[in-house]
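Here are the chains, one letter per residue:
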Amino acid sequence: MVVNSAKPTSVAVTKTPVRTNAPSVPELRPSMLEALMTAPTVYEVSNLDVFYGSYKAVRGVNMTIRKNQITAFIGPSGCGKTTVLRCLNRMNDLIPGARIEGKVLYHGVDLYAPDVSATEVRRRVGMVFQKPNPFPKSIYDNIAYGPRINGIRDRKKLDEIVERSLRSAALWDEVKDRLGTSALGMSGGQQQRLCIARTIAVEPEVVLMDEPCSALDPIATARIEELMRELKQKYTIVIVTHNMQQAARTSDCTAFYTAELDQAGERFGQLVEYDVTAKIFSNPSDTRTENYITGRFG
Amino acid sequence: MVMPQELARALELRPRRTWRTTKNTIMTGLLGGAVVVVAIPLVLVMISVFAKGGAILFAHFPKFLTADIPPTRVAGPGMGPAIIGTLMITGMATVIAVPLGVMGAIYLHEYGGQSKFAQLVRFMAMVMTGVPSIVMGLFIYIVWTLNFKLQGFGGALALACLMLPIVISASEQMLKLVPNGLREASYALGATKARTILTIVLPAASSGIVSGSLLAVARAAGETAPLLFTIGATRVLNTSLFHGDDTALSARIFENAKEAVASAQERGWGAALALVLLTFTLTVIARVITALATRRK
Amino acid sequence: MTTKPDLSGNRQLGDKAFGGLAIGAAALVLLILALIAITMTNRARPVLGHMGLDFFTSSKWSEHDNIFGALPFIWGTVYTAAIAVVLAVPVSIGVALFITQIAPPWLKRPLVYLIDLLAVVPSVVFGLWGVLMLAPHLNRSFLTAGIILAIMIVPIITSLAREVIETTAQSDKEAAYALGATRWEMINAAVIPHAKGGLVGAVMLGLGRAMGETIAAALVIGSSAQIALNPLKSGDSMPAVIANQWGEASDLQKSALIGLAVTLFAMTIIVNLVASRIVQRSMQKTRGA
């Protein structure tokens, strides 16, 4: 039935016949698998329910997210992927009536404890949004915004941070001569890379990405996926994506969500299966997962 | 395909003159006439203001703008104190009303949302825009002037009360136009609400807020009734808002309009021209700011 | 193993202070309105104590005899506002219809500017023109005041009417045209029925504005406290008499004038409330559909 694992179950991956429509996945060797499973825990999510007012929109999510990995949330629309993602940096606080039950532990700290400040959480957990949202300021000021909030005023330090962030986002060479121009003058793909640069300028530990490529063309998308692979060496990444192939290509672990109807006929989102990516895409435990990845629905 | 004439005629598709089409023409004419009817008084008033006012303002330029106001029966230019008075009193009213109004709008949009209190404030702000200016003037007379005597500042307070609800409404509209994605990006970087509002939201809404405020200032500059009870009257320049009687263009025009002597009346026209030029300039600047901002987007 | 991160926020003071300032500014609106109501009713009490309810029903107003009856001024306010509305409404709605339905695109913007220009001219300038240019021909009377007020409320009725008219569904208009209607017939069939409610609200807002307008009325109304139906007679209105008599008023007279202001306040608030409720409801109805 429903496999809700707190840890990805390990399976020796052999050359299992890949079902015809499932996206191909890089082969996972046992040593890599072990590394994946013993990496330190960053998030421990237990029995997470998310409410909008009295409506229980997401039910019973359990998962562990580990350091320096890319975790992908996949699934059809409206099944809670973004909702759960936004719980990880308390962005759901901004929605009136949103609340949770259950626990979201970040390095052992309950994120929703009353003495925890959402602002502090967000300094450690950054977010890149579906639609690029650069500030109507210069490229420089966009990147410098975060560091300035953290009290860095020295011009030289800011210059360093701006250059470093833009290099990490593979944007430096394109914009280094026009840092003072408005960020709104860039293409969509550049704007999104700017948003990524802006997010990592404050050196968060975790970078959450909410369908970052859905508004971009395939070339821009490919560049961002490349970026993600580089970034994961320094950061822990959780990405919501509609694009299964993207999840298969880039992520280490994958969580598959779906929407169900309860007895009252109300729709809610649910985590179906969470495992090492290779297993999800080659040998999923749940039929719903299998149906999704082979394209039978969704 | 173009229909040959004969075929068209056969199908009777040419426009026909019937009672219905005639009626349409008549009504169109009437509606156009309405526009003319509206334009007439505007044109007449503008002609009088520019002709009669120009006669004294430009003929005696710049003396009209700088000299003290002569006594009623004495002919000659001089509206300096009134011009300075209008600028100072309206300026002070702006300094009071705009920050308070913008903060109120910030509360309504960024904090209060649809809460009961916010809805109440929104409603009351709308009620407040309907308060007659004479009532505001008497109100300030009671709470301020009776305690602090006639002074320019009382007039500024009364004008500020008139401006406040307008600034709140206009600013709230501008805040609504700022895309929420910008706020989310700022919060996601760990900025507090106050910082997000001050460094991201307000700058993004600034052009709209400025032009809305300029329109409120133009309205205030033209108000007379609130000043009648609060600033007193004087003919010489008063550079302090807090000591002694003051005067303003609007109040001066009112006084001079009541006089039967030509000397006062012609100064009234001159003052009217000065006031009209001031309010028009403010309005034009506001529109230019809006146009520039929309073009940049 | 990493140490537990400190996620408590202790730099929140500035943030909270800002929020407090914001809510304070918003509360100011409530405070001012409450103060207006309280202080002015307070100051009006002497004359109400002196005259009782006769204040509202007596038509005699005499400083010498210390008798203050507000009726002529209530009448004057209502009558001049009514005249203004009767004159302004057909014109305003006509202009609004012209701008939205008939004017070609290149004409629309200048026409809107024309109306805006009318709105920007200060009322005292209209008053000056009225008393020096109009009154010599028409004499000071209810009618003259009504005309000046009409000119002043045209912009507000027009712009609100435009908003309401523009919410007419394109499909309704096209349905009329598809049946072979002329433009006027389409307006009659699709626009006017749809906009009726909102137009009523716009008219009432204009009425409220006309009732509260002081200066223009004060200059041309004639300042005679009489109740007359003949619009050519001169009369007085509440704001006008307050403006004109304040300067040399005795204490009791001042109280009476404040009493007039309170009455005016109450009347305009009621009219405005009813008006905005009507406008709101009509806007909602159309959006909901």
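Quantities reported herein were computed from a predicted structural model and do not represent experimental measurements. (Residues numbered from 1 in each chain as written. Chains lettered and ligands numbered in written order. Predicted model: local features only at pLDDT ≥ 70, side-chain atom pairs only at ≥ 80, totals over all residues. Heavy atoms only, no water.)

Asker: When you look at unusual backbone geometry in this model, what are you seeing that I'm missing?
Answerer: Peptide bonds are mostly trans, and most non-glycine residues show a negative phi. Even without being glycine, K149 of chain B reaches a positive phi, approximately 70 degrees. Inspection of the secondary structure assignment puts K149 of chain B in the loop between α6 (133–148) and α7 (152–177). At N66 of chain C, a position not held by glycine, the phi torsion is positive, near 55 degrees. The residue N66 of chain C is located in the loop between β1 (61–62) and β2 (67–68) in this model. According to the relative accessible area criterion, N66 of chain C is partly exposed, its value standing at 29%. (Helix = DSSP H or I, 4+ residues; strand = E, 2+ residues; numbered from the N terminus. Buried < 20%, exposed > 50% of the residue type's maximum accessible area, 1.4 Å probe, protein only.)

Asker: Would you explain the side chain of E223 of chain B in this entry?
Answerer: Residues and elements named next belong to chain B. Structurally, E223 is set in the loop between α9 (193–221) and α10 (225–228). Summary of buried charges: E223 has no salt-bridge partner, and the nearest side chain of opposite charge, R219, is 4.8 Å away. In this structure the side chain of E223 is engaged in a polar contact, spanning 3.2 Å, whose partner is the side chain of S133. Those residues within four positions of E223 in sequence are excluded, and the remaining contacts are S133, L159, L162 and S250. (Lys, Arg positive; Asp, Glu negative; His and termini not counted. Salt bridge = Lys/Arg side-chain N within 4 Å of Asp/Glu carboxyl O. Polar contact = N/O pair within 3.5 Å; in protein donor to acceptor, adjacent residues only side chain to side chain. Contact = heavy atoms within 4.5 Å.)

Asker: Please clarify how the interface of chain A and chain C should be interpreted in this entry.
Answerer: How big an interface is tends to be stated in terms of accessible area lost as the parts join. With 13 residues of chain A at the contact, the number on the chain C side is 9 residues. When the buried area of chain A at its contact with chain C is split by residue, H107, V109 and E120 of chain A rank highest and sum to 42% of it. Taken together, the links from chain A to chain C amount to 0 salt bridges. The interface formed by chain A and chain C contains 0 residue pairs in polar contact (both at pLDDT 80 or more). (Buried area = accessible area lost by both parts, 1.4 Å probe.)

Asker: Whenever I open this one, the interface of chain C and chain B confuses me. Can you help?
Answerer: Between chain C and chain B, the contact holds 72 residues from the first and 77 residues from the second. Carbon and sulfur atoms supply 84% of the area that chain C and chain B bury against each other, a total of about 6,500 Å² over both sides. A per-residue breakdown of the area chain C buries against chain B is headed by F18, L128 and W184 of chain C, which together make up 10% of the total. Taken together, chain C and chain B are joined by 2 salt bridges. Taking the shortest distance from any N to any O, the salt bridge between E185 of chain C and R20 of chain B comes out at 2.8 Å. At the junction of chain C with chain B, the criterion picks out 7 residue pairs in polar contact (both at pLDDT 80 or more). The element that contributes the greatest number of residues to the side of chain C that touches chain B is helix α1 (residues 13–51) of chain C, accounting for 19 residues.

Asker: Explanation requested: the sheet that holds strand β9 (residues 253–261) of chain A in the structure shown.
Answerer: Whenever strands of a sheet pair, they do so through backbone hydrogen bonds, lying parallel or antiparallel. Residue and element names in this part refer to chain A. Reading across the sheet, the 10 strands line up as β5-β4-β1-β2-β10-β9-β3-β8-β7-β6 and stay open at both edges, with mixed pairing between neighbours. A strand with exactly one partner marks an edge of an open sheet, and here the two such strands are β5 (109–110) and β6 (125–128). With 2 bridges connecting them, strand β4 (residues 98–106) and β5 associate as antiparallel partners. Across the sheet, residue L105 finds its bridge partner in β5, namely D110. Across the sheet, helix α7 (residues 188–200) lies against β6 and β7 (206–210), angled at about 175 degrees from β6, the strand it touches most. Strands β3 (70–74), β7 and β8 (236–240) of the sheet are contacted by helix α8 (residues 218–231), whose axis makes an angle of about 150 degrees with β8. (Pairing = 2+ DSSP bridges. Axes fitted to C-alpha atoms, helices over the stretch in contact; angles between N-to-C directions.)

Don't take any of this as a statement about function, it's just geometry.
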